[in-house]
Amino acid sequence: MEKLLIKGPTNLKGEVTINGAKNAAIAILPATLLINGICTIENVPNISDVKISCKILSALGAKITWIDNNTLTIDTTNITTSNAPLDLTSKFRASYYLIGSMLGRKKSIQVGMPGGCNLGPRPIDQHIKGFELLGAKVDVSQGKIKATADKLVGTSIYMDIVSVGATINVMLASVLAEGTTTIDNAAKEPHIVDVANFLNTMGADIRGAGTDMIKINGVKELRGNATYSIVPDQIEAGTFMLAAVASHGDILIKNCITKHLESLTAKIIEMGGKVEDNGDSIRVWCNSRPSKANIKTLPYPGFPTDLQPQIGVVLSIANGNSTINESIWESRFQYTNELNKMGAKITAQGKNAFFEGVDKLVGAPVYSSDLRAGAALIIAGIIAEGQTEIYNLDHIDRGYEKIEEKFRKLGADIKRVSE
Ligand code: EPZ
């Protein structure tokens, strides 16, 4: 067991370079199963979710070679089985992408029910609806999902709820289907566009990703034999932007697409932070106590739920009272209990949390409940007076590469020690 030891307060200053997007990488890796050939993927974040994905792909017959810390080559010419290892696939959420890609490639797949962060119920009814409309038979029982199809025929699919995972999964299943598929009320996140761009680079015919209507013209085969670089992680970039505001620091965030961060930038300026947008990098600084603000999380381009815990830390020490309405997940306020141990005054009820801004946080032992809560607690530890210990680091390591090293380079007194 490891823990992070942080001594604060510190004003973070300096530069940080952002890795490739986790939520693009863990969709693009299973998407390689659609390719009867070889491809190379660059800017892959070296995180535990990616490592699990690689283990699962290898178990299915893929041959994976790491060229360097963030580049890998995948040969999916010989996929030898449709039974993904249940122990691995039940470890994380994105294993459900194996269904879309293996239905497309082999017309058959069995995976464990997806795991992932504990944010409340995480249904997959929209994924299943899409697969069945394309002609698949899907059976969910005993903690497993089995999907088969004689053939997949393109059709029109309307998403009852805007869903990142269902949009990507139906896109995967449609790439090699006969005819044209349209996905209406599709999610528009940057990582959805990235998956579509990857598939088109490998020979697919997908139009409209990033809008609420995506059209996929089925093709016979994906050739591969191409290289693709994963989009920068807008959530990692936003995490460091909020760390700059919370710590009254000054950080230049490099290798990001500032267009993907417009809702956050607007909020930071509203709270009195300063932003210098350079297109592929963004400088954020804050010399005064942030003002109160009200946040409502929404599908892209609204304020992202994956930055909700991180801005919660800023609101906990803001000047005045603030609110957050979490419209995406049932239970994404567990981190507020941990912040209250550090002197925050937050009341969470259902989908709403009420923040009474306090002058400062004080270090304490705290527990990360999920990936983004863990990142929020690191920011809290850096701005708190005294020592903070953060436990349950496996959550954090799922989605952030070398996070304590990045914060240390910005001046934080942070180290990972074994319990
Ligand atoms: C993706 O989860 C991300 N995970 C999440 O990021 C992110 O919070 C979420 O999108 C929203 O942006 C990955 O990409 C691996 P959804 P996903 O389907 O696809 C409901 C992180 O921190 N829904 O967009 O599972 C669902 O319950 C993680 O990086 C259905 O009702 O989210 C939720 O209320 C945490 N039926 C809403 O839709 C379905 O079939 C949005 O979920 C699917 C979803």
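Residues take numbers from 1 onward in each chain, read along the sequence in its written order. Where local features are concerned, this predicted model is filtered to residues with pLDDT of at least 70; where side-chain atom pairs are given and counted, the filter is 80 or more; whole-chain, interface and lining totals use all residues. Side-chain calculation: all heavy atoms of the structure are included, whereas hydrogens and water are not.

J.: Tell me what's going on with the overall build of the chain, and back it up with residues and numbers.
T.: Going along the chain from the N terminus, every DSSP run of H or I of four or more residues is numbered as a helix, and every run of E of two or more is numbered as a strand. Each helix and strand in the chain was counted, giving 14 helices and 23 strands. Relative to the 2.2 N^0.38 estimate, which gives 22 Å for 419 residues, the radius of gyration of the chain is 21 Å and therefore close to what a compact globule would have. Reported as C-alpha extents along the three principal axes, the dimensions of the chain are approximately 65 × 45 × 40 Å. Of all 419 residues assigned to the chain, the portion counted as buried reaches 59%. Put simply, 72% of the contacts in the chain that link residues at least 6 apart link residues at least 24 apart. For the chain, the centre of its 44 positive side-chain charges and the centre of its 43 negative side-chain charges are spaced 2 Å apart. For this measure, only C-alpha atoms enter the radius of gyration; the expected value for a globule follows 2.2 Å times N^0.38, where N is the number of residues. Buried, partly exposed and exposed residues are distinguished by accessible area as a fraction of the type maximum, computed with a 1.4 Å probe on protein chains only: under 20%, between the cut-offs, and over 50%, respectively. By definition in these notes, contact holds between two residues if any of their heavy atoms fall within 4.5 Å. In this charge count, Lys and Arg are treated as positive and Asp and Glu as negative; neither His nor the chain ends contribute. The atoms used to mark charge sites are NZ of Lys, CZ of Arg, CG of Asp and CD of Glu.

J.: Give a detailed account of the environment of Thr155, specifying residues and quantitative values.
T.: Along the chain, Thr155 turns up in the loop between strand E8 (144-148) and strand E9 (156-158). Taking the C-alpha atoms as reference points, Thr155 and Leu103, 52 residues apart in sequence, are found 15 Å from one another. For Thr155, the residues in contact, after removing those within four places along its chain, are Leu133, Leu134, Thr180, Thr181 and Thr182.

J.: Describe the domain arrangement of the chain, and please don't skip the residues or the numbers.
T.: Source of the domain bounds: an automatic or database domain assignment. Looking at the chain, the domain boundaries give domain 1 (2-18 + 233-418) and domain 2 (22-229). Centre-to-centre separation of domain 1 and domain 2, based on C-alpha positions: 30 Å. Between domain 1 and domain 2, the contact holds 22 residues from the first and 23 residues from the second. Buried area: the accessible area, evaluated with a 1.4 Å probe, that two parts lose upon being put together, summed over both parts. Interface area, domain 1 with domain 2, both sides summed: about 1,800 Å², of which 51% is carbon and sulfur. One speaks of a salt bridge when a side-chain nitrogen belonging to Lys or Arg is within 4 Å of a carboxyl oxygen belonging to Asp or Glu. At the boundary of domain 1 and domain 2, one finds one salt bridge. Across the salt bridge formed by Asp49 and Arg398, the nearest N and O atoms sit 3.0 Å from each other. Here a polar contact is taken to be a pair of N or O atoms separated by no more than 3.5 Å, where protein atoms must pair a possible hydrogen donor with a possible acceptor and residues adjacent in sequence count only if both atoms sit in side chains. Our count for the contact surface shared by domain 1 and domain 2 stands at 10 residue pairs in polar contact (both at pLDDT 80 or more). Only Asp, Glu, Lys and Arg are considered charged in this grouping, and only Ala, Val, Leu, Ile, Met, Phe, Trp, Tyr, Cys and Pro are considered nonpolar; every other residue, Gly among them, is considered polar. Of the residues contributing to the side of domain 1 that touches domain 2, the split by class is six nonpolar, six polar and 10 charged.

J.: Give a description of the packing of helix H1 (residues 22-31) against helix H4 (residues 97-106) that names residues and reports values.
T.: Across the interface, H1 lies against H4 with an axial gap of 8 Å and an inter-helix angle of 25°. One finds that H1 runs roughly parallel with respect to H4. With respect to the hand of their crossing, H1 and H4 are arranged in right-handed fashion. Together, Ile26, Ala27, Pro30 and Ala31 of H1 and Tyr97, Leu98 and Ser101 of H4 make up the contact between the two elements. Split by residue class, the contact of H1 with H4 holds six nonpolar, one polar and no charged. Here, axes are lines fitted to C-alpha atoms. For helices the fit covers the stretch in contact, and angles between N-to-C directions go from 0 to 180 degrees. An angle below 35 degrees is treated as roughly parallel, one above 145 as roughly antiparallel, one from 65 to 115 as roughly perpendicular, and anything else as oblique. Each crossing gets its handedness from the near helix: less than a right angle anticlockwise from the far helix is left-handed, clockwise is right-handed.

J.: Residue-level account of the layout of surface pockets, with values.
T.: The way it works is a 1 Å grid over only the protein atoms, where trapped points that fit a 1.4 Å probe form a cavity and open points with protein on both sides within 12 Å along at least five of seven lines form a pocket, and then any residue with an atom within 4 Å of a point lines it. Grid points are joined across faces, edges and corners, and a volume is the space filled by probe spheres set on the points. Of the volumes computed, that of the second largest pocket is approximately 220 Å³. In this structure, the second largest pocket is lined by 13 residues; those nearest its centre are Ala246, His248, Ile317, Asp359 and Ile383. Here the residues of the lining of the second largest pocket are counted per class, giving five nonpolar, four polar and four charged.

J.: Please give an account of the pattern of salt bridges that cites residues and values.
T.: Throughout the structure, instances matching the rule amount to 20 salt bridges. As a salt-bridge pair, Arg289 and Asp359 come within 3.2 Å of each other at their nearest N and O atoms. Here Asp359 lies in the loop between strand E20 (352-356) and strand E21 (365-367) and Arg289 lies in the loop between strand E16 (281-285) and strand E17 (294-296), a separation of 70 residues in the sequence. Overall, the relative accessible area of 68% leaves Asp359 in the exposed class. Between Lys409 and Glu405 there is a salt bridge; the shortest N-O distance is 3.8 Å. Of the two residues, Lys409 and Glu405 are both situated in helix H14 (residues 403-409); the distance of four residues between them amounts to about one turn of the helix. Among the residues examined, Glu405 registers a relative accessible area of 34% and is labelled partly exposed. A network of salt bridges, in which partner residues are shared, links Glu2, Asp397, Glu404 and Arg416.

J.: For the pairing of strand E12 (residues 213-217), give the residues involved together with the corresponding values.
T.: Relative to E12, strand E10 (residues 180-184) is paired through five bridges, and the arrangement is antiparallel. Residue pairing across strands places Asp184 opposite Met213, the latter belonging to E12. One requirement defines pairing of two strands: DSSP has to find at least two bridges between them. Where strand E11 (residues 206-207) meets E12, two bridges bridge the pair, whose relative direction is antiparallel. The partner of Ile206 across the bridge, within E12, is Ile216. Counted along the chain from E11 to the antiparallel partner E12, the turn is five residues long, and its residue Gly208 has a positive phi close to 90°.

J.: Report on the nonpolar core, specifying residues and quantitative values.
T.: The biggest cluster of nonpolar side chains holds 76 residues, and the ones touching the most others in it are Ile41, Phe198 and Leu199. A total of seven residues in this core trace back to one element, the largest contributor, which is H1. Not counting chain neighbours up to four residues away, the residues in contact with Leu199 comprise Ala31, Leu34, Leu172, Val175, Ala204, Ile206 and Leu222. By convention a nonpolar core is built from buried Ala, Val, Leu, Ile, Met, Phe, Trp, Tyr and Cys residues, the set being connected through side-chain atoms within 4.5 Å. The next biggest cluster of nonpolar side chains, apart from the first, holds 69 residues, and it includes Leu242, Ile295, Val358 and Ile396.

J.: Describe the sheet that holds E11, naming the residues involved and giving the relevant values.
T.: Strand order in the open sheet made by the four strands is E9-E10-E12-E11, with mixed pairing throughout. Because the sheet does not close on itself, it has two edges, and the strands there are E9 and E11.

J.: Break down the site of the ligand for me, citing the residues and quoting the values.
T.: Around the ligand, a shell composed of 25 residues is seen, among which Gln126, Ser163, Val164, Asp306 and Ile328 lie nearest. Separating an oxygen atom of the ligand from a side-chain N or O atom of Arg122 is a distance of 3.3 Å. Secondary structure elements with two or more residues in the shell around the ligand: H1, helix H5 (125-133), helix H6 (164-174) and helix H12 (371-383). Here the shell around the ligand is composed, by residue class, of 12 nonpolar, six polar and seven charged. Each residue is tested against the molecule or strand, and it is near if at least one of its non-hydrogen atoms lies within 4 Å.

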